[in-house]
Amino acid sequence: MTNTLPPDPDGLNDDRAHWASAALHCFQRETGTDDDDALCDLLCDLMHWSDRNYFDFDAALFRARMHYDAETTADSSTGDDV
């Protein structure tokens, strides 16, 4: 199976994926969550964290999607204005 990656206009998406991997592995070490459930469990726990720290998780997820779109659109600049 070939995984075709989206565009990487600023050349940083490998770094971004590496940072996310480090966070996910830390979460797995802390919780013992397996590879199949780790991302889902981390997102769920971030929802609990958001509840307790007065953050709007849905708004943060929407903003994250906008950042991702900017970081994977071939004709975008750096996406810093998002």
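Sequence order as written defines the numbering, with residues in each chain counted from 1. In keeping with the model being predicted, local features are shown solely for residues with a pLDDT of at least 70 and side-chain atom pairs are shown and tallied solely at 80 or more, while totals for entire chains, interfaces and linings include all residues. Hydrogens are left out, water is left out, and the side-chain values use all remaining heavy atoms of the structure.

Participant: For this particular structure, what's the right way to read the overall build of the protein chain?
Facilitator: Under the DSSP-based scheme used, a helix requires at least four consecutive residues in state H or I and a strand at least two consecutive residues in state E, with every element numbered from the N terminus. In terms of regular secondary structure, the protein chain is built from three helices and zero strands. For the protein chain, the succession of helices and strands along the chain, N to C, is α-α-α. Projected onto the principal axes, the alpha-carbon positions of the protein chain cover approximately 40 × 35 × 20 Å. Across the 82 residues that make up the protein chain, the buried fraction comes to 15%. Residue contacts follow a heavy-atom distance rule, with two residues in contact if any of their heavy atoms lie within 4.5 Å. Long-range pairs, those at least 24 residues apart, make up 40% of the contacts in the protein chain with a sequence separation of at least 6. Computed with a 1.4 Å probe, the accessible areas rest on the Shrake-Rupley method; for each residue, only the protein chains presented here act as cover. Within the structure as shown, the protein chain displays about 6700 Å² of accessible surface, and the carbon and sulfur contribution to it stands at 56%. The protein chain carries 5 positive and 19 negative side-chain charges, and their two centres are separated by 5 Å. A 1.4 Å probe rolled over the protein chains alone gives each residue an accessible area, and that area as a share of the maximum for its type sets the label: buried under 20%, exposed over 50%, partly exposed in between. Asp and Glu are treated as the negative residues and Lys and Arg as the positive ones, with His and the ends of the chain left uncounted. The atom standing in for a charge is NZ when the residue is Lys, CZ when it is Arg, CG when it is Asp and CD when it is Glu.

Participant: What exactly am I supposed to notice about the side chain of serine 50 here?
Facilitator: Looking at where serine 50 falls in the secondary structure, it is placed in helix H2 (residues 35-52). Not counting residues up to four positions away in its chain, the partners in contact with serine 50 are Phe55 and Phe57.

Participant: Can you walk me through unusual backbone geometry in this structure?
Facilitator: For residues other than glycine, phi is negative in most cases, and the peptide bonds are mostly trans. Phi is positive for tyrosine 54, close to 60°, though the residue is something other than glycine. Relative to the assigned elements, tyrosine 54 resides in the loop between H2 and helix H3 (57-71).

Participant: Would you explain helix H1 (residues 13-31) in this entry?
Facilitator: Residues three or four positions apart in an α-helix share a direction because the helix packs 3.6 residues into each turn. In this scheme, a helix's expected span is set at 1.5 Å multiplied by one less than its residue total. Helix length check: H1 (19 residues) gives 27 Å between terminal C-alpha atoms against 27 Å at 1.5 Å per residue, within 8%. By the burial criterion, the buried members of H1 are Asn13, Phe27 and Gln28. Summarising the axial view, the buried residues of H1 lie within an arc of 100°, below the 170-degree limit, and thus occupy one face. Looking at H1, the residues exposed on the side facing more than 90 degrees away from the buried face are Asp14, His18, Trp19, Arg29 and Glu30. In this fold, the buried residues of H1 make contact with H2 and H3. One or two steps after H1, the chain reaches glycine 32, where phi turns positive at roughly 80°. Relevant arc is that of directions from the helix axis to the C-beta atoms, nothing else.

Participant: Even after reading the chapter, I still don't get a nonpolar patch on the surface, so can you show me in this structure?
Facilitator: Side chains of Leu39, Leu43, Leu46, Trp49 and Phe55 sit close together on the surface and give an oily, nonpolar patch of about 500 Å² of accessible area. Structurally, phenylalanine 55 can be placed in the loop between H2 and H3. Only residues whose relative accessible area exceeds 30% and that form no salt bridge enter a patch; like-charged residues are grouped when within 9 Å of one another, and nonpolar side chains (Val, Leu, Ile, Met, Phe, Trp, Tyr) when within 5 Å. The salt bridge definition used is simple: a Lys or Arg side-chain nitrogen within 4 Å of an Asp or Glu carboxyl oxygen.

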